[in-house]
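Read off the chains here:
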Amino acid sequence: MTKYIFVTGGVVSGIGKGISAASIGRLLKNRGFKVFMQKFDPYLNVDPGTMSPYQHGEVFVTADGAETDLDLGHYERFTNEELTKSASITTGKIYSRVIQKERRGDYDGATVQVIPHITDEIKKAVYKAGTETDADVVITEIGGTVGDIEGLPFIEAIRQIHSESAVDDVLYVHTVLIPSIPGSDELKTKPTQHSFKQLMSQGIKADIIITRSDGAIDESIRNKISLFCDVPKENVIESRHVDLIYELPNVFRDQKLDEIIMDHLKLETKENKSDAWVSMVEHFKKAEGPVDVAIVGKYIQLHDAYLSVSQALLDAGYELGRLVNIHYVDAEELTDDEKAEEILKKMDGILVPGGFGERGVEGMVRASKFAREHEIPYFGICLGMQIAVIDIARNLAGLRDAHSTEFEVNTPYPVIDLMESQIGIESLGGTQRLGNYPCHLEEGSKARELYGEEHILERHRHRYEFNNEYRGKLREAGLKIVGINDDLDLVEVIELDTPGYFVACQFHPEFKSRPNHIHPLFHGFIEAAMERRDR
Ligand code: GLN
C-alpha cells in the first residue's frame, strides 16, 4: 500500500520547495521507507529538454533518459534513489497523452474535458509512480504556487486522490514565505493565511505548513499560523536558513517532522538511520581552506544552469575536507591566450561542462589549452570532452582548424561529428542520445583507477561524438582513449598523460554524484586540484 505526500507552494516561488520535498524524502528514507519522488511542472513544454538553460536552469537527465526539471537532481542527491520518467510530469506531457488517446478513439465518443480526462491522466501518473516502484511513500511536488491558472488541474487531481483514498493515506504539505516588514523586522503571517485559504477554496486542507522567513519564527507566529491555518502547533515546521542545504533534513528532524508524517500516515518503523546523515553534515561543515575551480561555460549568468556540476564539485570538496570556491567564467571573455592566462592562472582546476551552440566555444578551447600547457587539472564533461579533442587536434596533432561539425560544417578536420543515429533527425525534443549507456574502461587509466571497476554505466545527453576516423592521428599526438562503448564503438572517456589530471568524458557524471557517494571523477578532480593548491 503506497502512501502519498503532496508538496505545494504558497505566497511566492523560489523558497526552496524542492529542497524541502527532498528533505522529507531523506527523512523517510532514514526511517527505512522506500521513497519515490516526483515533480509536476505546470508548463506546456513536454519536458524542459528544449528550453534554454536561462529559462529553467539545468536539464537533469534520469537513468532511463528523461530530460527533467533540476529539482529531480535534489531528489536524487538527497534520497540516493534513481528516478525514472515517471518522476517528471508536465502539462504538455499530460495533454499530449490525452490528445493521443482522443485521436485513437479511446474515449468512446465522449467530450474530452479537463475534468475528468486531464485530471484522470494526472492521477494515473501519481498512482503509476506508486505501483511501478512499489514505494511505501510517493512524494509529489507541484511546481509553481497555489492560485496559478496552469496549476489548477494538478491541484484538482491531488484533491481527488484524497477523496478516493483513506484519510491516513494522503498528506498535504504547504510551503510558504513569512515576509518581514523592511525596517521593523516584524514577521507577517497574512500571506500564509491567504495562501492557506486559497488552497482550501480548491478543496485541499494543508496538514503541515513549512515556513521560510528571514528571522526565526517565535511562539506567537507559530500560534497564529496554527490558529488561522487550522493545523496543530507542532505541524508548523520552520525551514531555517542553513549553511549547507543538506542540513535541512536534520533541521526538520529536530522539529520531529518524520514522526509527525509517520503518525499521520500511520507508517510504522523501528528503524532510524538518521545519524549517518547527521554525521555526514558534521563532516562537511568541518571543511576548510579554499580550492579554486573555474567552470568555463556560456550560461554563467544563471548558476542554476550548472546546478548538478557545481553541487558535485562542492560535495567532493566537503568530503575531502576542503571548500571549493567555484568561479563561473564566461567563455566569451577568453578572447585570446593572454586573456585566458589572466583569468585562469589562479585556478587549481578547470572544468568545461556541457553545452550547445557555437557561442563561447573558442574560449573553451583556450581554457583546455591553458590547462593542458600549465598542468592545471582539467575535467571536461560532454561538450567539455569535445572541446578537449578539438584543442588536442589543433594544437598537438597539427590539424589546423579542426572542429566539431556542430559549429563548423565545412571544417577540414571534423574530429567531432554527428552520430550516425542522429542523421536525418529533425525534431529537437527528446531525440538526443539520452540516459544510461555502458562503457568499459582501459586497464591502467586514471578513470579505471578512480572508478575501481572496468564496466560503468553513465547518463548521456548529446548528438555529436568523437569521430573514430581520427582515433589513430590523435593517439599519435598523445591522446589516450580510455573509455569505449563497445556496442556502438563510441569514445566515452579520454585522458592525457600529465602529472595532474586531464580527464574528459562524453557522459554526464554530475547526475550520479551524491553527497554520500561522491562520483569518482569529481573526487579525482578535486583531489588533484587540492594537490596543486598545496604545492
Ligand atoms: N552540443 C554537444 C552535442 O550535442 C554537447 C552536448 C552536451 O554537452 N550536453 O553533442
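Predicted model only: the values in this text are computed from it and were never measured. (Residues numbered from 1 in each chain as written. Predicted model: local features only at pLDDT ≥ 70, side-chain atom pairs only at ≥ 80, totals over all residues. Heavy atoms only, no water.)

Engineer: Would you explain the site of the ligand in this entry?
Structural biologist: Near the ligand, the surroundings consist of Gly-354, Gly-355, Phe-356, Cys-382, Leu-383, Gln-386, Glu-406, Arg-461, His-462, Arg-463, Tyr-464 and His-508. Gly-355 places a main-chain nitrogen or oxygen 2.9 Å from an oxygen atom of the ligand. His-508 places a side-chain nitrogen or oxygen 3.3 Å from a nitrogen atom of the ligand. At the level of elements, α15 (383-395) and β17 (455-462) are the ones that each hand at least two residues to the shell around the ligand. Of the residues contributing to the shell around the ligand, the split by class is 4 nonpolar, 5 polar and 3 charged. (Near = heavy atom within 4 Å. Polar contact = N/O pair within 3.5 Å; in protein donor to acceptor, adjacent residues only side chain to side chain. Helix = DSSP H or I, 4+ residues; strand = E, 2+ residues; numbered from the N terminus. Nonpolar A, V, L, I, M, F, W, Y, C, P; charged D, E, K, R; others polar.)

Engineer: Would you mind going over a negative patch on the surface with me for this structure?
Structural biologist: Together, Glu-442, Glu-454, Asp-486 and Asp-487 give the surface a local cluster of negative charge. Within the element layout of this structure, Glu-454 appears in the loop between α16 (446-451) and β17. Given the relative accessible area of 34%, Glu-454 is considered partly exposed. (Patch = residues over 30% accessible without salt bridge, like charges linked within 9 Å, V, L, I, M, F, W, Y side chains within 5 Å. Areas by Shrake-Rupley, 256 points an atom, 1.4 Å probe, with all protein chains shown as cover. Salt bridge = Lys/Arg side-chain N within 4 Å of Asp/Glu carboxyl O. Lys, Arg positive; Asp, Glu negative; His and termini not counted. Charge placed at Lys NZ, Arg CZ, Asp CG, Glu CD. Buried < 20%, exposed > 50% of the residue type's maximum accessible area, 1.4 Å probe, protein only.)

Engineer: So what exactly am I meant to see when it comes to the environment of Phe-370 here?
Structural biologist: With respect to the element layout, Phe-370 can be found in helix α14 (residues 361-373). Overall, the relative accessible area of 6% leaves Phe-370 in the buried class. When near neighbours in sequence (up to four residues on either side) are disregarded, Phe-370 contacts Glu-341, Leu-344, Lys-345, Ile-350 and Ile-376. (Contact = heavy atoms within 4.5 Å.)

Engineer: What should I look at first to understand the sheet that holds strand β12 (residues 349-352) in this one?
Structural biologist: Strand pairing in a sheet relies on backbone hydrogen bonds, with the paired strands running either antiparallel or parallel. Taken in spatial order, the 9 strands of this open sheet run β11-β10-β12-β13-β21-β20-β19-β16-β17, and their pairing is mixed. Lying at the two open borders of the sheet, with one neighbouring strand each, are β11 (323-330) and β17. For this sheet, the mean angle separating the axes of adjacent strands, direction not counted, is 25°. Across 8 bridges, strand β16 (residues 433-441) lies against β17 in antiparallel orientation. Each bridged residue has a counterpart across the sheet, and for Leu-434 the counterpart in β17 is Arg-461. (Pairing = 2+ DSSP bridges. Axes fitted to C-alpha atoms, helices over the stretch in contact; angles between N-to-C directions.)

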